[in-house]
Amino acid sequence: MPVFTSEEIAAFRSRFPILSRTVHDRPLVYLDNAATSQLPESVISAVAEFDRTKHANVHRGVHKLSQEATDVHEGSRDRLAKFLNARRREEIVLTKGCTESINLVSNTWGRQNLKSGDVVLVSEIEHHANIVPWQILSTAIGTKVVPIPALDDGSLDQAEFVKLLDGANGPVKLLAIQHVSNALGTIHPVKEMVAAAKSRGVATLVDGAQSVPHMPVDVQDLDCDFLAFSGHKMHGPTGTGVLYGRYEVLDSMPPWMGGGDMIDKVSFSGTTFQDVPYRFEAGTPNFSAAAGFTAALDFLEEIGMDKYHLREAELVEYAHRALSAIPGLRILGTNPNKAGVLSFVLDGIHHYDAGMFLDQMGIAVRTGHHCAQPAMERYGVTGTIRASFAIFTTEGEIDALVAGVRRVNKVLGAKS
Amino acid sequence: MTGIVAAREAEIVEEFSMFDEWLDKYQHIIEMGQGLAGIDEEFRTDAYKVKGCQSQVWLQPAIENGVVVFKADSDAAITKGLVALMVRVLSGAPASEIAAAPLSFLEEIGLREHLSPTRSNGLVSMVKQMKLYAAAYASQEASHG
């Protein structure tokens, strides 16, 4: 039995104003949700309503507007703590996105706990946001970034992972691993990987950019030290993000960026810092967007993350079958354990050309290396065409993609 | 004032005016790319590569008989067609004309979007490179001439 009826899916769609627009005179088929998802009306209006009635700087203001704005801003922290099943609200650091969250860890925990020769273990198919911050740290303090090899089906080589964890390439101090591959869609067994790391005293960071928006993620169950993700990939406003950190770990970390809101007392003879999480939230935060982030969580909880995931599994299976039937099309990442991302290449056709043609047909897909160049190198391609789904995606839209790709093949296909 | 570049642009606008359908237009562009001589394998190197995000573009400028001649290539079909279009308009024209060309014909044939700085096809950088090269040559000519 399908997870949702077609009427229910139509009702979800009707809540996203952007889906009613046209692109090049054709109905928009939006299949780029892994880059950024769309906003339901409730999120758009929550931000607008906040800006119309509560807009004021948060924290410390004694006036009514500031208090109301603070309630909204801090309310989003409470909701996020509940959404992730965090032990306490102080474990939620509000950032501007997943990238900032990871950079925060590399610049604070990393600088405090890592030394020359220590290994940060990542995967070979990691997003650049979970490679480059560790490389910058390496340049500064002499740590090493070592990739866990990926297998042909888009999963990670677990046997090799254990060898690396046991010090095959130097002493591992941190496992920084994606939960779901943004380039291929593979869901990695992070709970098991985190447990393996923990049993060896290795700290763990999970890049949840592609998992938190699409499936239930419980930080106590996952048992990681850090979890990073972005709001704009989960129907929330851009400029919102989260770093979850285990309280004891966060509490032991020094600040990174300095400024207002993160201090206890400032004096030219010495400055002391706030408690967590405020120690890591220097400057005026994105409070208008926080109103929208809460509305996005409302929307997701109304659907249910378990159902969201099951619905996307249906879409992936449907798309997998339909796309596989196209001659000359090769899907990258064939591991059956996949989130709503499908990456493929067309024989003899440049992904850029395909993307251009699909755009003319109103179909928004992403083409290129998806900020995962080492992954592209691993699979011997310069880029792929990537379709990524959301709760409003329909089988009809996947049919449109399939028809579009067939047309691309016909026009651009290798001529003899 | 009309020059070689303007005359070529007018010819292309005329040529594209017969396409109503986007697909016909793009097919024409792709055919132009297929007709482009391209550049020899030995020049398909980083030294001649124009930085672009998705499709690779190579540009090899030269001075032949006092004019700037461009050879160019790309690994993507549409981009190669657009490259062929720019070579057709600019190659062999006087350097000063290349450097000053506003290339407004792209607007008229509905391809301006390909030259917006947000497009990741390398074409913007290629046109910039072509103009820089021509400008450098033009100033050299002026100081010697």
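Along each chain, the written sequence defines residue order, and numbers are assigned to residues from 1. Here the convention is simple: chains get letters from A, ligands get numbers from 1, in the order in which they are written. A pLDDT threshold of at least 70 governs which residues receive local features in this predicted model, and a stricter bar of 80 or more applies before side-chain atom pairs are shown or counted, although totals over entire chains, interfaces and linings include all residues.

> Would you mind going over the overall build of chain A in detail, with residue names and values included?
Helix and strand counts for chain A stand at 14 helices and 17 strands. The quantity called the radius of gyration is restricted to C-alpha atoms. Its globule counterpart is 2.2 Å times the number of residues to the power 0.38. Taking 22 Å as the expected radius of gyration for a compact globule of 416 residues, we find that chain A reaches 22 Å, a close match to that expectation. Evaluated residue by residue, chain A yields a buried proportion of 49% over its 416 residues. Long-range contacts, defined as pairs at least 24 residues apart, comprise 70% of the intrachain contacts of chain A with a sequence gap of at least 6. Helix and strand assignments come from DSSP, with helices taken as H or I runs of at least 4 residues and strands as E runs of at least 2, each series counted from the N terminus. To sort residues by exposure, count the other C-beta atoms lying within 10 Å of each residue's C-beta; 20 or more gives buried, 12 or fewer gives exposed, and values between give partly exposed, all with C-beta atoms placed from the backbone. Residue pairs are scored as contacts if the distance between their C-beta atoms, which are placed from the backbone, is within 7 Å.

> I'd like to hear about the packing of helix H2 (residues 41-53) of chain A against helix H10 (residues 287-303) of chain A, residue by residue, with values.
Residue and element names in this part refer to chain A. Fitted lines through C-alpha atoms serve as axes, helices being fitted only where they are in contact, and the angles separating the N-to-C directions of these axes extend from 0 to 180 degrees. Relative orientation of the contacting elements H2 and H10 amounts to 150°, with a least axis distance of 8 Å. Overall, the two elements H2 and H10 adopt an arrangement that is roughly antiparallel. Taken as a pair, H2 and H10 cross one another with a handedness that is right-handed. Mapping the contact onto sequence places Ser42, Val43, Ala46, Val47, Phe50 and Asp51 in H2 and Ser288, Ala289, Ala291, Gly292, Thr294, Ala295, Ala296, Asp298 and Phe299 in H10. Side-chain classes follow a simple rule in which Ala, Val, Leu, Ile, Met, Phe, Trp, Tyr, Cys and Pro form the nonpolar group, Asp, Glu, Lys and Arg form the charged group, and the remainder, Gly included, forms the polar group. The residue inventory of the contact of H2 with H10, partitioned by class, reads 9 nonpolar, 4 polar and 2 charged. Should an angle lie under 35 degrees it is considered roughly parallel, over 145 roughly antiparallel, and from 65 to 115 roughly perpendicular; all remaining angles are considered oblique. Crossings are sorted by hand: turned counterclockwise from the far helix by less than a right angle, the near helix makes the crossing left-handed, and turned clockwise it makes it right-handed.

> Help me get a handle on the pairing of strand S6 (residues 144-148) of chain A, residues and values and all.
All names here are of chain A. Pairing of strand S5 (residues 119-123) with S6, which is carried by 5 bridges, proceeds in the parallel orientation. Among the inter-strand pairings, Val120 is bridged to a residue of S6, identified as Val145. When the strands point away from the viewer and the path from the first strand over the helix to the second turns clockwise, the crossover is right-handed. In this fold, S5 hands off to helix H5 (residues 132-141), which returns the chain to S6; that crossover is right-handed. Should DSSP find at least two bridges between two strands, the strands are taken to pair.

> Could you give me a rundown of the sheet that holds strand S1 (residues 49-50) of chain B, with the residues and numbers involved?
All names here are of chain B. Spatially, the 3 strands line up as an open sheet ordered S1-S2-S3, and their pairing is antiparallel. Edge positions in the sheet fall to S1 and strand S3 (67-74), since each of these pairs with one other strand and no more. Bridge count for strand S2 (residues 57-64) against S3 is 8 bridges, and the pairing is antiparallel. Among the inter-strand pairings, Ala62 is bridged to a residue of S3, identified as Val69. Across the face of the sheet, helix H3 (residues 77-90) comes into contact with S2 and S3 while running at roughly 175° to S3. Strands in contact with helix H6 (residues 123-144) are S1, S2 and S3; relative to S2, the strand with the most contacts, it is inclined by about 20°.

> How would you sum up H2(A)? Please name residues and give values.
An α-helix turns once every 3.6 residues. As a result, residues three or four positions apart point the same way. All names here are of chain A. For a helix, the expected span equals 1.5 Å multiplied by the residue count minus one. Taking 1.5 Å as the rise per residue, H2 with 13 residues should run 18 Å; its terminal C-alpha atoms sit 18 Å apart, in good agreement. Those residues of H2 lying buried are Val43, Ala46 and Phe50. Down the axis of H2, the smallest arc covering the buried residues is 60°, so these residues share one side. Projecting away from the buried face of H2 at angles above 90 degrees are the exposed residues Asp51, Arg52 and Thr53. Those residues of H2 that are buried are in contact with helix H3 (64-84) and H10. Working definition: the arc comes from the directions between the helix axis and the C-beta atoms, pointing outward to the latter.

> Account for the domain arrangement of chain A, with residues named and values stated.
Residues and elements named next belong to chain A. The domains assigned to chain A are domain 1 (6-30 + 304-412) and domain 2 (46-301). The domain boundaries here were taken from an automatic or database domain assignment. Computed from C-alpha coordinates alone, the two centres of domain 1 and domain 2 are separated by 28 Å. Elements that contribute at least two residues to the side of domain 1 that touches domain 2 include exactly helix H11 (305-324), strand S14 (341-346) and helix H13 (373-378). When residues in the side of domain 1 that touches domain 2 are grouped by element, the largest group, 5 residues, is from H11.

> Pulling in residues and values, what's your account of the sheet that holds strand S13 (residues 329-332) of chain A?
Residue and element names in this part refer to chain A. An order of S13-S14-S17-S16 is seen for the 4 strands of this open sheet, with the pairing classed as antiparallel. Only two strands of the sheet have a single neighbouring strand rather than two, namely S13 and strand S16 (366-368). Taken over all neighbouring pairs, the strand axes of this sheet differ in orientation by 30° on average, direction set aside. In terms of strand pairing, S16 meets strand S17 (residues 384-388) through 3 bridges, oriented antiparallel. Each bridged residue has a counterpart across the sheet, and for Arg366 the counterpart in S17 is Arg386.

> So what's going on with H3(A)? Residues and values would help.
Residues and elements named next belong to chain A. Taking 1.5 Å of rise per residue, the 21 residues of H3 would be expected to cover 30 Å, and the 30 Å separating its terminal C-alpha atoms lies within 8% of that figure. Every buried residue of H3 is listed here: Ala69, His73, Ser76, Arg77, Arg79, Leu80, Phe83 and Leu84. The arc that holds the buried residues of H3, viewed along the axis, is 165°, so those residues lie on one side. Against strand S4 (92-95), helix H8 (219-222), strand S10 (241-245) and H10 lie the buried residues of H3. After H3 finishes, the residue Asn85 shows a positive phi value of roughly 60°.

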